[in-house]
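Structural overview
Residues per chain are reported as follows:
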Amino acid sequence: MRHLKSGRKLNRTAAHRKALRRNLLRALLLQERVQTTDPKAKELRRWADRLVTIGKKNSVHARRLAFSYLGSRALVEKLFDDVAPRFVARAGGYTRVLKIGRRRGDAALMSLVEFTERTDTERESGEDQISNA
């Protein structure tokens, strides 16, 4: 039984889940929003919120932890210099999951994961993308 075991398995091995998580986190940091299936989106929200919390600490240890999740110096710099400072006044809930309907091929529930605090240019371009989806 899986009592008190947190996280979703997503029908993948442990290594595949780790790679999926890293890829989704990287895409979220690069593009500020990611469209994926609903279970993946809910799992991504957990890890993205943890990563932003690490980014708010802004220490050498925090940067090394973030690098272990992301594997890219450029993304670590973006996390610490651009994304995390937006959430200094916020205690949690750095991302939101918006349900956007079902996928045509297999009718899987699709969701959009994005940061709650965004810049004005991201909002303007993001509204166009949602209407096209």
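All values reported here derive from a predicted model rather than from experimental measurement. (Residues numbered from 1 in each chain as written. Predicted model: local features only at pLDDT ≥ 70, side-chain atom pairs only at ≥ 80, totals over all residues. Heavy atoms only, no water.)

**A look at the overall build of the protein**
- A count of helical and extended segments in the protein gives five helices and three strands.
- For the protein, the succession of helices and strands along the chain, N to C, is α-β-α-α-α-β-β-α.
- By residue count, 35% of the 133 residues in the protein fall in the buried class.
- If you take every contact in the protein between residues at least 6 apart in sequence, the share linking residues at least 24 apart comes to 58%. (Helix = DSSP H or I, 4+ residues; strand = E, 2+ residues; numbered from the N terminus. Buried < 20%, exposed > 50% of the residue type's maximum accessible area, 1.4 Å probe, protein only. Contact = heavy atoms within 4.5 Å.)

**Description of the nonpolar core**
- Leu29 and Leu79 are the most contacted members of the largest nonpolar core, which totals 26 residues.
- Counting residues per element, the ones that place at least two in this core are α1 (14-31), α2 (38-57), α3 (60-70), α4 (73-83) and β3 (109-115).
- For this core, the element with the most residues is α2, which contributes seven residues. (Core = buried A, V, L, I, M, F, W, Y, C linked by side-chain atoms within 4.5 Å.)

**Remarks on the sheet that holds strand β1 (residues 33-37)**
- Taken in spatial order, the three strands line up as β1-β3-β2 in an open sheet, and their pairing is antiparallel. The sheet is open, and its two borders are formed by β1 and β2 (95-102), each paired with just one other strand. Mean inter-strand twist for the sheet, computed between neighbouring axes without regard to direction, equals 25°.
- Where β2 lies against β3, seven bridges are found, and the strand directions are antiparallel. Note that in β3 the partner of Arg96 across the bridge is Glu114.
- Each of β1, β2 and β3 is contacted by α1, which is oriented at about 145° to β1, the strand it contacts most. (Pairing = 2+ DSSP bridges. Axes fitted to C-alpha atoms, helices over the stretch in contact; angles between N-to-C directions.)

**Overview of α4**
- Regarding α4, the residues found buried are Leu75, Val76, Leu79, Phe80 and Val83. Summarising the axial view, the buried residues of α4 lie within an arc of 125°, below the 170-degree limit, and thus occupy one face. Those residues of α4 that are exposed and aimed more than 90 degrees away from the buried face are Arg73, Ala74 and Asp81.
- On its buried face, α4 sits against α1, α2, α3 and β3. (Arc of directions from axis to C-beta.)

**Observations concerning the confidence of the model for the protein**
- Mean pLDDT over the protein works out to 90, with 89% of the residues at or above the 70 mark.
- Across the protein, the secondary-structure element scoring lowest on mean pLDDT is helix α5 (residues 120-132), at 58, and the one scoring highest is β3, at 97. (pLDDT = per-residue confidence, 0-100.)

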